[in-house]
Amino acid sequence: VFDANRPSLDYIANNMYFRHNVNKDSKRMRGTIGCFSSHYTVLKNCVERKLKNILILEDDAILDSCDGKIPDNLPTDGACLLGGWIAHPNNWAKHANWKKKEKHIIIDSFKKGLNKIDYSKFRFCGTWAVWWPDWTYCKKLVDYIDKWIKDGHKLRPFDIMTTKSKIVKYLWYPSVFTADDTKTGSSIQNSIQGVCKDYYYHDRRKSSTTSVVQDTC
């Protein structure tokens, strides 16, 4: 189990994008920075230790598929998403209509098992369960983030940076891990989001922070 450490927290916080109307000290932003820093710290640790067969989970990931087991035939040529939700590929303003018309068409097209992510059709949000074949793929994302900062850009939330990099090549269907904050709450959101399984929210609750969510996911 890894927590965000101080150097990486400062590094991420100092380079994070903040909207003009968002309180930098709000629960949401502190959670966003802490989440990003924790992932970044784990990825760097995997690189330093040259690990293989890496499964990075957030603390609210629930093993909920494949007969309660992790698939034993996960890919070796790219990272694989094991839980999250899908969204419009590049424009959040278009997501509401896209969600009504395209989301389930795309999800219904997934075959059982391994699916290559087509970033021209959708992107994913949420990184509570990602499989990394070995440390070299972790390094690609660390290097992408470091270069993004070096080039003068501000960071978005970790899942957005991950989708921008396109380093996660696959997703597994049905999702292996579910997220459910209906009992525990969220360390980032100010309200309950619901149950997310098989790449969409089955019971998404209305949120007082909807406008902020839409701008950052």
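Our structure is the block above this text.
Everything numeric here is computed off the predicted structure, so don't read it as measured data. (Residues numbered from 1 in each chain as written. Predicted model: local features only at pLDDT ≥ 70, side-chain atom pairs only at ≥ 80, totals over all residues. Heavy atoms only, no water.)

J.: Which parts of the structure should I look at to understand the overall build of the chain?
T.: When you go through the chain residue by residue, the secondary structure sums to seven helices and nine strands. Relative to its 217 residues, the chain shows a buried fraction of 50%. If you sum the accessible surface of the chain, you get close to 11600 Å²; carbon and sulfur atoms cover 48% of it. (Helix = DSSP H or I, 4+ residues; strand = E, 2+ residues; numbered from the N terminus. Buried < 20%, exposed > 50% of the residue type's maximum accessible area, 1.4 Å probe, protein only. Areas by Shrake-Rupley, 256 points an atom, 1.4 Å probe, with all protein chains shown as cover.)

J.: How should the packing of aromatic side chains be read in this particular structure?
T.: Any two aromatic rings considered together are summarised by their centre-to-centre distance and by the angle between their planes. Overall, the coordinates contain eight aromatic pairs when judged by the stated rule. When the ring of Phe 110 is compared with that of Tyr 199, the centres are 6.3 Å apart and the planes differ by 85°; the resulting orientation is edge-to-face. Here Phe 110 is found in the loop between helix H4 (103-109) and strand E4 (113-116), whereas its partner Tyr 199 is found in the loop between strand E8 (195-197) and strand E9 (200-201), with 89 residues between them in sequence. Classification of Phe 110 by relative accessible area gives buried; the value is 11%. The rings of Phe 110, Phe 122, Tyr 173 and Tyr 199 are connected pair by pair, giving a single aromatic cluster. Positioned above the aromatic ring of Trp 135 is the side chain of Lys 50, whose terminal nitrogen or guanidinium carbon lies 4.8 Å from the ring centre. Over the ring of Tyr 17 we find Arg 156; its NZ or CZ atom is 3.9 Å from the centre of that ring. (Phe/Tyr/Trp six-rings, centres within 6.5 Å; stacked < 30°, edge-to-face > 60°. Lys NZ or Arg CZ within 6 Å of the ring centre and 35° of its normal.)

J.: Could you clarify how one ought to interpret the pairing of strand E3 (residues 79-87) in this entry?
T.: Regular strands place their side chains on alternate faces of the sheet. For E3, the buried fraction is high: nine of the nine residues fall into the buried class. Where E3 and strand E6 (residues 168-173) come together, three bridges link them in parallel fashion. By the bridge assignment, Leu 81 is partnered in E6 with Leu 171. In this structure, E3 lies alongside strand E5 (residues 123-134), joined through six bridges in antiparallel fashion. Bridging across to E5, Trp 85 finds its partner in Cys 125. (Pairing = 2+ DSSP bridges.)

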